[in-house]
Amino acid sequence: MQKGRSGITSLPNAIRDRIARLPDLDNAALKAAWRQAWGADPPRAARKGFLMLGIAWRWQANHYGGLNPELARRLAALTGSRKEHGSGDKLSPATASNAARPAPGTRLIRDWQGIRHEVHVTKQGYLWRGKSYGSLSGVAKEVTGTNRNGPAFFGLRPSKRSAS
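The structure presented is a predicted model; accordingly, all values stated were derived computationally and were not measured. (Residues numbered from 1 in each chain as written. Predicted model: local features only at pLDDT ≥ 70, side-chain atom pairs only at ≥ 80, totals over all residues. Heavy atoms only, no water.)

Caption draft 1: Geometry of the overall build of the protein. Scanning the protein from N- to C-terminus turns up nine helices and four strands. Mapped from its N terminus to its C terminus, the protein presents α and β elements in the order α-α-α-α-α-α-β-β-β-β-α-α-α. Within the span of the protein, comprising 164 residues, buried residues form 26% of the whole. Counted over contacts in the protein with a minimum sequence separation of 6, partners at least 24 positions apart contribute 27%. Total accessible area on the protein stands at roughly 11,200 Å², and carbon and sulfur atoms take up 52% of it. (Helix = DSSP H or I, 4+ residues; strand = E, 2+ residues; numbered from the N terminus. Buried < 20%, exposed > 50% of the residue type's maximum accessible area, 1.4 Å probe, protein only. Contact = heavy atoms within 4.5 Å. Areas by Shrake-Rupley, 256 points an atom, 1.4 Å probe, with all protein chains shown as cover.)

And the structure:
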């Protein structure tokens, strides 16, 4: 765990020390710590790094309060959609797009050809250079002059080019 970059130095000493000791634990001890932190068994194929991250996150969430209510609601909606349609089915496009949409008030920043473009997320859509757009793809088209996947262009999801 890197102390300066992750913000771990702002944690109380007891939590910071517990997190710092996680790499020294063997798998059995990590699984026991996971059970204590989460109240459930860890995923069967979980590796040491994943267990350490999950335990550290849970300890910090217990201290700071965890997910904000909006994110918790969106995650619950995604989980509910998967259960309704079966675990192997994909989410519907409408559910997936709503879940991926940034919360109103979010600023998206992208540098394109030496120019910084700042988009503000509003309840109705997206605001760029004083003009409202219904989708990020509309903004991306204005910025680049070509049709683009807006969420990929602004870094909210991987582009098809980088996935292949």
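That was the structure; now back to the text.
Caption draft 2: Examining the pattern of salt bridges more closely. This model, assessed by the stated rule, comprises three salt bridges. Of the charged contacts in the structure, one is a salt bridge between arginine 35 and aspartate 41, with a shortest N-O distance of 2.7 Å. Close ionic contact of aspartate 111 with arginine 116 constitutes a salt bridge, the shortest N to O distance being 2.9 Å. (Salt bridge = Lys/Arg side-chain N within 4 Å of Asp/Glu carboxyl O.)

Caption draft 3: View of the packing of helix α3 (residues 27–38) against helix α4 (residues 48–64). Running from N to C, α3 and α4 point in directions that differ by 30°, and their axes come no closer than 10 Å. Relative to α4, the element α3 lies roughly parallel. For α3 against α4, the interelement crossing comes out left-handed. Residues Asn27, Leu30, Lys31, Ala33, Trp34, Gln36, Ala37 and Trp38 of α3 lie in contact with α4, whose contacting residues are Lys48, Phe50, Leu51, Met52, Gly54, Ile55, Trp57, Arg58 and Trp59. Of the residues contributing to the contact of α3 with α4, the split by class is eleven nonpolar, three polar and three charged. (Axes fitted to C-alpha atoms, helices over the stretch in contact; angles between N-to-C directions. Parallel < 35°, antiparallel > 145°, perpendicular 65-115°, else oblique. Left-handed = near helix turned anticlockwise from the far one by under 90°. Nonpolar A, V, L, I, M, F, W, Y, C, P; charged D, E, K, R; others polar.)

Caption draft 4: Structural context of the sheet that holds strand β4 (residues 131–133). Strand order across the open sheet formed by four strands is β1-β2-β3-β4, with antiparallel pairing between neighbours. Two strands close off the open sheet at either side, each with one partner strand: β1 (107–112) and β4. For this sheet, the mean angle separating the axes of adjacent strands, direction not counted, is 30°. Alignment of strand β3 (residues 126–128) against β4, held across three bridges, turns out to be antiparallel. Each residue of the ladder has a partner; that of tryptophan 128, found in β4, is lysine 131. Along the sheet, helix α7 (residues 136–144) makes contact with β1, β2 (115–121), β3 and β4, crossing β3 at roughly 15°. (Pairing = 2+ DSSP bridges.)

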